[in-house]
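# Structural overview
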Amino acid sequence: DEFVHRLPKIELHAHLNGSIRRSTLCELAAARGIDAAAAMLDSPTPQTLSEAFDVFRVIHACVTTLQDIERLAVELAYDLDDDGVVYAEIRTTPRALPASLAAQDAGTLDEYVEAVLRGFERYTCEQMGDKVGLRLILSIDRAKHTASDAQAIVDLALRFQTRGVVGMDLSGDPTKGEWANFEPALQRARLHGLKITLHAGEVRGRDDEMAAMLAFHPDRFGHCCFVSASNLALLKQSGVPIELCLTSNLLSNSTPSLERHHFRDHYTHVDSHAEQEECTVCCISTDDSGVFNSPLSNEFRLVMQTFALDQQQAFHLARRTLQATFLTRPRLDFPSEATNQLMREDD
Ligand code: 5GP
């Protein structure tokens, strides 16, 4: 019954494997004979972005079958539901995995996407009453994928466009890979109606890349922690919404403190009667709730406490996120009663 829990929330930046339940990770690690302590699962949370990437490697070593992927998808759907999330765009990097531990062949990338969607469908069929609306974004990994891998993932997304894939993401280790390699694939995705979100400004010294990404004008940006003054001015002018993940940025050392988080540079209170034009839509998100141990309700609690937002301001912050979804007609697509209420407030 706590406010942040009851608040109808929209999650736009959550990586599937990074959102794994700790309990599931420990179970899979044991089943795969992976030493949990050696694998860093005992340390509660990473301390730097590079440590976070070490944890992703461990997760990928534990999540090795399509069965596991389906399980992660269904568990995440229930976790979002329990946390009061009404709509979520989940992103994941397709990998070729065998159907089960007994299976001989690595499956196809289509089968990976099918497994995620099967997980979502299981939740939707089992769950009674209001349900979290779920859509999928496919990620290109800038450290691991080539330009032609990226094109193949765009083709994959296009094959699933009528089944819930709404966009593409560029993520992976930000110290590696070149934006120019991936731009053509993302340009093509956009021509075919997929929306684009880019991880940007996660490490220092990438101002040229940020400028090139701004010129591309994606539909959303993720993070934008390290942005030069000139790029920040362009970012504000651009009107591109940003996905902000406070705990993730704090624990990966991308912000010195919550108080100094760049939310403060972008947030302007806007209520329903006074929509202002040049005001960035801030999409409060979790990034990797399994790794950083913070559900979306907690992210809203932190924002409210740190930046002294009252309940009405938090409500409007959550509601504005609706403008940044990759849905073409968000009003019609919103399923839950909580969100209908949100919509009525909007009118
Ligand atoms: P998956 O795509 O396998 O479902 O989720 C884990 C992957 O998401 C990681 O291997 C990494 O490529 C990407 N990821 C998760 N969190 C972050 C982040 O904070 N920054 C970047 N750049 N990539 C991330």
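Rules of the game
Residues numbered from 1 in each chain as written. Predicted model: local features only at pLDDT ≥ 70, side-chain atom pairs only at ≥ 80, totals over all residues. Heavy atoms only, no water. Near = heavy atom within 4 Å. Polar contact = N/O pair within 3.5 Å; in protein donor to acceptor, adjacent residues only side chain to side chain. Areas by Shrake-Rupley, 256 points an atom, 1.4 Å probe, with all protein chains shown as cover. Nonpolar A, V, L, I, M, F, W, Y, C, P; charged D, E, K, R; others polar. Pairing = 2+ DSSP bridges. Helix = DSSP H or I, 4+ residues; strand = E, 2+ residues; numbered from the N terminus. Right-handed = clockwise from strand over helix to strand, strands pointing away. Axes fitted to C-alpha atoms, helices over the stretch in contact; angles between N-to-C directions. Contact = heavy atoms within 4.5 Å. Phe/Tyr/Trp six-rings, centres within 6.5 Å; stacked < 30°, edge-to-face > 60°. Lys NZ or Arg CZ within 6 Å of the ring centre and 35° of its normal. pLDDT = per-residue confidence, 0-100. Buried < 20%, exposed > 50% of the residue type's maximum accessible area, 1.4 Å probe, protein only. Salt bridge = Lys/Arg side-chain N within 4 Å of Asp/Glu carboxyl O. Core = buried A, V, L, I, M, F, W, Y, C linked by side-chain atoms within 4.5 Å.

## As for the site of the ligand
Within the structure, the ligand sits among 17 residues, and N17, T92, T93, G172 and E202 are positioned closest to it. Separating a nitrogen atom of the ligand from a backbone N or O atom of G172 is a distance of 2.7 Å. In this structure, a nitrogen atom belonging to the ligand sits 2.7 Å away from a side-chain N or O atom of D288. Relative to its unbound accessible surface of 510 Å², the ligand loses 98% to contact with the protein. The residue makeup of the shell around the ligand, split by class, is three nonpolar, 10 polar and four charged.

## Looking at the pairing of strand β6 (residues 220–223)
As paired strands, strand β5 (residues 195–200) and β6 are joined by four bridges and run parallel to one another. Of the residues in β6, the one forming a bridge with A200 is H223. In this region the chain leaves β5, passes through helix α8 (residues 207–216) and returns to the parallel neighbour β6; the handedness of that crossover is right-handed. Note that β6 and strand β7 (residues 242–244) share two bridges and pair parallel. Across the sheet, residue G222 finds its bridge partner in β7, namely E243.

## Quick word on the sheet that holds β5
Judged by pairing direction, the sheet is parallel, and its eight strands sit side by side in the order β1-β2-β3-β4-β5-β6-β7-β8 without closing on themselves. Only two strands of the sheet have a single neighbouring strand rather than two, namely β1 (9–15) and β8 (282–284). Each adjacent strand pair in this sheet contributes to an overall mean axis angle of 25 degrees, direction not counted. With six bridges joining them, strand β3 (residues 133–141) and strand β4 (residues 165–171) adopt parallel strand pairing. Looking across to β4, one finds that S139 is bridged to D169. In this fold helix α6 (residues 147–159) packs onto β3 and β4, with an angle of close to 165 degrees to the strand it touches most, β3.

## Digging into the packing of aromatic side chains
For the coordinates displayed, the defined rule picks out five aromatic pairs. Relative to Y123, the ring of Y78 lies with its centre 5.1 Å away and its plane at 85 degrees, an arrangement referred to as edge-to-face. Of this pair, Y78 sits in helix α4 (residues 66–82) while Y123 is found in helix α5 (residues 109–126), placing the two residues 45 residues apart along the sequence. Pairwise contacts between aromatic rings join F263, Y267 and F307 into one cluster. One cation-aromatic arrangement involves R190 over F216; the distance from NZ or CZ to the ring centre is 3.9 Å. The ring of F326 carries R220 above its face, with NZ or CZ at 3.8 Å from the centroid.

## Quick notes on the confidence of the model for the protein
When the pLDDT values of the protein are averaged, the result is 91; 89% of them are 70 or greater. Taken together, the chains of this predicted complex give a pTM of 0.94 and an interface ipTM of 0.99.

## Concerning the pairing of strand β2 (residues 85–92)
Strand residues, when the strand is regular, have side chains that alternate between the two faces of the sheet. Among the eight residues that make up β2, eight are buried, leaving the element largely enclosed by the rest of the structure. Examined bridge by bridge, β1 and β2 share five bridges and lie parallel to one another. From the neighbouring strand, A14 faces β2, where its bridge partner is I90. Two elements, β2 and β3, share six bridges in a ladder whose sense is parallel. Residue pairing for β3: T92 is matched across the bridge by L138. Each parallel crossover has a hand, and for β2 linked through α5 to β3 it is right-handed.

## Section: the side chain of S171
Relative to the helices and strands, S171 resides in strand β4. Within the structure, the side chain of S171 is placed 2.9 Å from the side chain of D169, a separation counted as a polar contact. Every residue in contact with S171, bar those within four places of it in the chain, is listed here: H15, S139, I140, D141, R142 and H199.

## Let's talk about helix α14 (residues 311–320)
Judged by how many residues are buried, α14 sits mostly within the fold: eight of 10 residues are covered. Restricting attention to buried positions, one finds in α14 the residues Q313, A314, F315, H316, L317, A318, R319 and R320. N-cap assignment for α14: the residue whose side-chain oxygen lies 3.1 Å from the backbone N of Q312 is D310.

## Some remarks on the pattern of salt bridges
Side-chain pairs of opposite charge can arise whenever the charged atoms involved come near each other. On inspection of all chains with the given rule, the structure shows 21 salt bridges. One continuous salt-bridge network, built from bridges that share partners, spans R21, E27, R71, E75 and D79.

## Description of the nonpolar core
M168 and F221 are the most contacted members of the largest nonpolar core, which totals 89 residues. Contact partners of M168, with chain neighbours within four places excluded, come to I137, L138, I140, I153, V154, A157, L186, A189, L194, K195, I196 and T197. In this structure, I10, V86, L322 and L327 belong to the second largest nonpolar core, which totals nine residues.

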